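For reference, the chains in residue letters:
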Amino acid sequence: MREEQFLPAFLFVILKSIQFTRMTKYKLIIVFFFITILTVVGQKLDKQTRKYLKSKLDTISQIDQKYRWELAFGELDSKKIDSLKKLPHKLMMERMSQAGIGKVGFNKEIKDSIWKLQKNLDSLNSITFIELINKYGYPSYKRTKSYTSFTLALHLMGKNNFEKLLPIFSSELEKGNMPPSEYANWYDRNQIIAKKKQLYGEYDKKFPCVENIEKTNLARKKIGLRLIKRNNCKNN
């Protein structure tokens, strides 16, 4: 069997259109093979780099949560916050809901000032995160043993973030560095915030609400996600 039979059509055309020696063709095939492998499995990180990235991501995670518990509970006292965290899930969610609408906790003026502090930290985190991606590739759990990237990506919402990060995340997805599920979650959450329906149906897996299930399944298949069986928009 000839070696060209293993090649994608576009590369076969290139090899046929240019005069190469047989040895040169073999070398090109080997190079293309390794490029393909890197694209599928993602870029490898050495042990020292993984350790460094995990340390950076742990710091980002701490900064990311700097004021979020205070805002969630409407409480500034760290001991009281620790006690609230230990509440049964239902009671904890009820407290958060009441704090969210201002029934308990600090007043709106304090809440706005704390949010301003957190947003400033989020902006710094975003800059650091993108710098890490540009230098080392998307630092997924598989590559770094840290879940921070997934959490942080879901905080990077809004039109400006979406337009800035879409080409970066799309590239990292193609390289195999960003898991398809994380990419789809980030993409779909942005769609929901923009008052649009999900493209991939990944952010709400239990009740995926998409514009067109055929289009969605084509998009899911393209990035390596399983197909969904039905559209679960509540107004359908």
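A.B. asks: Could you give an account of the environment of Met178, with specific residues and numbers?
C.D. replies: Residue placement: Met178 occurs in the loop between helix H10 (159-175) and helix H11 (180-193). In the structure, Met178 is positioned 36 residues away from Lys142 in sequence and 9.4 Å away in space, judged by C-alpha atoms. Non-local contacts of Met178, meaning those with residues more than four positions away in its chain, are made with Tyr138, Phe169, Glu172, Leu173 and Tyr183.

A.B. asks: An account of the packing of helix H7 (residues 108-136) against H10 is requested, with residue identities and associated values reported.
C.D. replies: Packing of H7 against H10 leaves a shortest axis separation of 11 Å and a crossing angle of 25 degrees. Put simply, H7 runs roughly parallel to H10. The handedness of the crossing between H7 and H10 is left-handed. Residue-level inspection shows Ser126, Phe129, Ile130 and Ile133 of H7 in contact with H10, the latter providing Asn161, Lys164, Leu165, Ile168, Phe169 and Glu172. Here the residues of the contact of H7 with H10 sort into six nonpolar, two polar and two charged.

A.B. asks: Got a sec to walk through the side chain of Asn217? Specific residues and values, please.
C.D. replies: Mapped onto the elements, Asn217 comes out in helix H12 (residues 213-223). Contacts of Asn217, omitting those with residues within four sequence positions, involve Leu227 and Ile228.

A.B. asks: Break down H11 for me, with residues and values.
C.D. replies: The end-to-end C-alpha separation of H11 is 20 Å, in line with the 20 Å expected for 14 residues at 1.5 Å each. Here H11 has its buried residues at Glu182, Tyr183, Ala184, Asn185, Trp186, Tyr187, Asp188, Asn190 and Gln191. Residues of H11 that are buried sit in contact with helix H9 (148-153), H10 and H12. After H11 finishes, the residue Lys195 shows a positive phi value of roughly 65 degrees.

A.B. asks: For the nonpolar core, give the residues involved together with the corresponding values.
C.D. replies: Counting 29 residues, the largest nonpolar core has Phe169, Tyr183, Trp186 and Tyr200 as its most contacted members. When contributions to this core are tallied by element, the ones reaching two or more residues are helix H3 (47-64), H7, H9, H10, H11 and H12. Ignoring sequence-local partners within four residues, the contact set of Phe169 consists of Phe129, Ile133, Tyr138, Ala153, Met178, Tyr183 and Trp186.

A.B. asks: Tell me about the packing of aromatic side chains, and please be specific about residues and values.
C.D. replies: The relative placement of two aromatic rings is captured by the distance of their centres and the angle of their planes. Counted under the stated rule, the structure contains 12 aromatic pairs. On the numbers, 4.2 Å between centres and 10 degrees between planes, the contact of Tyr141 with Tyr147 is stacked. Residue class for Tyr141 comes out partly exposed when judged on its relative accessible area of 33%. Note on Tyr147: relative accessible area 58%, which makes it exposed.

A.B. asks: Can you explain helix H6 (residues 89-100)? Please cite residues and give values.
C.D. replies: With 12 residues, H6 extends 16 Å between its outermost C-alpha atoms, agreeing within 8% with the 16 Å of an ideal straight helix rising 1.5 Å per residue. Within H6, the full set of buried residues consists of Met92, Arg95 and Ala99. For H6, the arc enclosing every buried residue in end-on projection is 60 degrees, short of the 170-degree limit, so these residues lie on one face. Turned more than 90 degrees away from the buried face of H6, the exposed residues are His89 and Lys90. Residues of H6 that are buried make contact with helix H4 (68-73), helix H5 (78-85) and H7. Within two residues after H6, Gly102 carries a phi angle of roughly 80 degrees, on the positive side.

A.B. asks: Could you give me a rundown of a positive patch on the surface, with the residues and numbers involved?
C.D. replies: A grouping of Lys44, Lys47, Arg50, Lys51, Lys142 and Lys145 is seen on the molecular surface, where their side chains present a positively charged patch. Sorting elements by how many residues they give to the positive patch places H3 first, with three residues. By the secondary structure assignment, Lys44 is in the loop between helix H2 (22-41) and H3.

A.B. asks: Outline the environment of Gly201, listing residues and values.
C.D. replies: Of note, Gly201 is situated in the loop between H11 and H12. Spatially, the C-alpha atoms of Gly201 and Asn232 are 9.3 Å apart, while their sequence positions differ by 31 residues. Residues contacting Gly201, with those up to four places away along its chain left out, are Asp188, Pro208, Val210, Thr216 and Arg220.

Rules used in this analysis
Residues numbered from 1 in each chain as written. Predicted model: local features only at pLDDT ≥ 70, side-chain atom pairs only at ≥ 80, totals over all residues. Heavy atoms only, no water. Helix = DSSP H or I, 4+ residues; strand = E, 2+ residues; numbered from the N terminus. Contact = heavy atoms within 4.5 Å. Axes fitted to C-alpha atoms, helices over the stretch in contact; angles between N-to-C directions. Parallel < 35°, antiparallel > 145°, perpendicular 65-115°, else oblique. Left-handed = near helix turned anticlockwise from the far one by under 90°. Nonpolar A, V, L, I, M, F, W, Y, C, P; charged D, E, K, R; others polar. Expected span 1.5 Å × (residues − 1). Buried < 20%, exposed > 50% of the residue type's maximum accessible area, 1.4 Å probe, protein only. Core = buried A, V, L, I, M, F, W, Y, C linked by side-chain atoms within 4.5 Å. Phe/Tyr/Trp six-rings, centres within 6.5 Å; stacked < 30°, edge-to-face > 60°. Arc of directions from axis to C-beta. Patch = residues over 30% accessible without salt bridge, like charges linked within 9 Å, V, L, I, M, F, W, Y side chains within 5 Å. Areas by Shrake-Rupley, 256 points an atom, 1.4 Å probe, with all protein chains shown as cover. Salt bridge = Lys/Arg side-chain N within 4 Å of Asp/Glu carboxyl O. Lys, Arg positive; Asp, Glu negative; His and termini not counted. Charge placed at Lys NZ, Arg CZ, Asp CG, Glu CD.

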